[in-house]
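# Descriptive structure summary
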Amino acid sequence: MKYLLDTHVLLWYFDDFGKLPKYIIEIIENLENNIYVSNISILEIVIKKSLNKLELSLSIDELYYHISSSSIILLDIKKNHLNVYSTLPYLHKDPFDRYLISVSIAEDLFFLTQDKNIQLYDIKWIW
């Protein structure tokens, strides 16, 4: 199976493990699954950290190191993601979440998120 981590899931996995349900950890750590993270999530973390809206014990370098040392695949911004984003109904106001929803749709990924607003969209999600 293929999964996209929401930003908070990525942060909790590497920085606050206790917040993740056991079944989510099992999905992420199952080597038969392909786990993806968008660079947009990294941008969101950098912005929120610089605005003091996010406390993170890891530096951005450490976060990238953890991602690259794991089996998690980092996704760049792609044209098909932006095409989906441009046609996405405006049901969720957060531009980062809207982009991640677009990635999930464009790449046909299950979206791992606790965000209830994701349910407003016709996507595959798990929590």
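Residues take numbers from 1 onward in each chain, read along the sequence in its written order. For a predicted model such as this one, the threshold for reporting local features is a pLDDT of at least 70, and the threshold for listing and counting side-chain atom pairs is 80 or more; totals across whole chains, interfaces and linings nevertheless cover every residue. Note that water and hydrogens are dropped before the side-chain values are worked out from all heavy atoms of the structure.

### Describing the pattern of salt bridges
What counts as a salt bridge is simple: a side-chain nitrogen of Lys or Arg found within 4 Å of a carboxyl oxygen of Asp or Glu. What the rule picks out here adds up to five salt bridges. A salt bridge links Glu26 to Lys22; the nearest nitrogen and oxygen atoms lie 4.0 Å apart. Of this pair, Glu26 and Lys22 both sit in helix H2 (residues 22-29), four residues apart, which is roughly one turn of that helix. With its nearest N and O atoms 3.4 Å apart, the salt bridge here joins Glu107 to Lys78. Linking Glu107 in helix H6 (residues 95-107) with Lys78 in the loop between strand S3 (73-75) and helix H5 (79-87), this pair joins segments that are 29 residues apart in sequence. We call a residue buried when its accessible area falls under 20% of the maximum for its residue type, exposed when it is over 50%, and partly exposed in between, using a 1.4 Å probe and counting protein chains only. Since its relative accessible area comes to 18%, Glu107 is described here as buried. Segments assigned H or I by DSSP are reported as helices when at least four residues long, segments assigned E as strands when at least two residues long, and all are numbered from the N terminus.

### Things to note about helix H1 (residues 7-15)
Of all nine residues that make up H1, eight are buried, and the element is covered over most of its length. Among the residues of H1, those classed as buried are Thr7, His8, Val9, Leu10, Leu11, Trp12, Tyr13 and Phe14.

### Here's the deal with the environment of Leu11
Relative to the helices and strands, Leu11 is located in helix H1. For Leu11 and Lys124, which are 113 residues apart along the polypeptide, the C-alpha to C-alpha distance reads 21 Å. Ignoring sequence-local partners within four residues, the contact set of Leu11 consists of Asp16, Ile45, Leu54 and Leu56. Pairs of residues are marked as contacts when any of their non-hydrogen atoms sit within 4.5 Å.

### Regarding the packing of H5 against H6
For helices, the axis comes from a line fit to the C-alpha atoms of the stretch in contact; other axes are also lines fit to C-alpha atoms, and the angle between any two N-to-C directions lies between 0 and 180 degrees. Orientation of H5 relative to H6, taken along the N-to-C sense of each, is 115°, at an axis distance of 8 Å. As H5 packs across H6, the resulting crossing turns out to be right-handed. Between H5, through Asn80, His81, Leu82, Val84 and Tyr85, and H6, the contact on the second element is made entirely by Pro95, Arg98, Tyr99, Ser102, Val103, Ile105, Ala106 and Glu107. By residue class, the composition of the contact of H5 with H6 is eight nonpolar, three polar and two charged. A clockwise turn of the near helix away from the far one marks a right-handed crossing, whereas an anticlockwise turn of less than a right angle marks a left-handed crossing. Think of it as three bins: nonpolar holds Ala, Val, Leu, Ile, Met, Phe, Trp, Tyr, Cys and Pro, charged holds Asp, Glu, Lys and Arg, and polar takes everything else, Gly as well.

### Examining the packing of aromatic side chains
A pair of Phe, Tyr and Trp rings is counted when the ring centres sit within 6.5 Å of each other, with Trp represented by its six-membered ring. The angle between the planes then sorts it: under 30 degrees is stacked, over 60 is edge-to-face, the rest tilted. In the structure shown here, the tally under the stated rule is five aromatic pairs. Ring centres of Tyr13 and Phe14 lie 5.0 Å apart, and the angle between their planes is 75°; on these two criteria the pair is classed as edge-to-face. In this structure Tyr13 comes out as buried when scored by relative accessible area, which is 16%. Aromatic ring contacts, followed pair by pair, group Tyr13, Phe14 and Phe17 into a single cluster. Counted as over-ring charges are cases with an Arg CZ or a Lys NZ within 6 Å of the ring centre that also lie within 35 degrees of the ring normal. Directly above the aromatic system of Tyr85 lies the positively charged group of Arg98, at a separation of 5.1 Å from the ring centroid.

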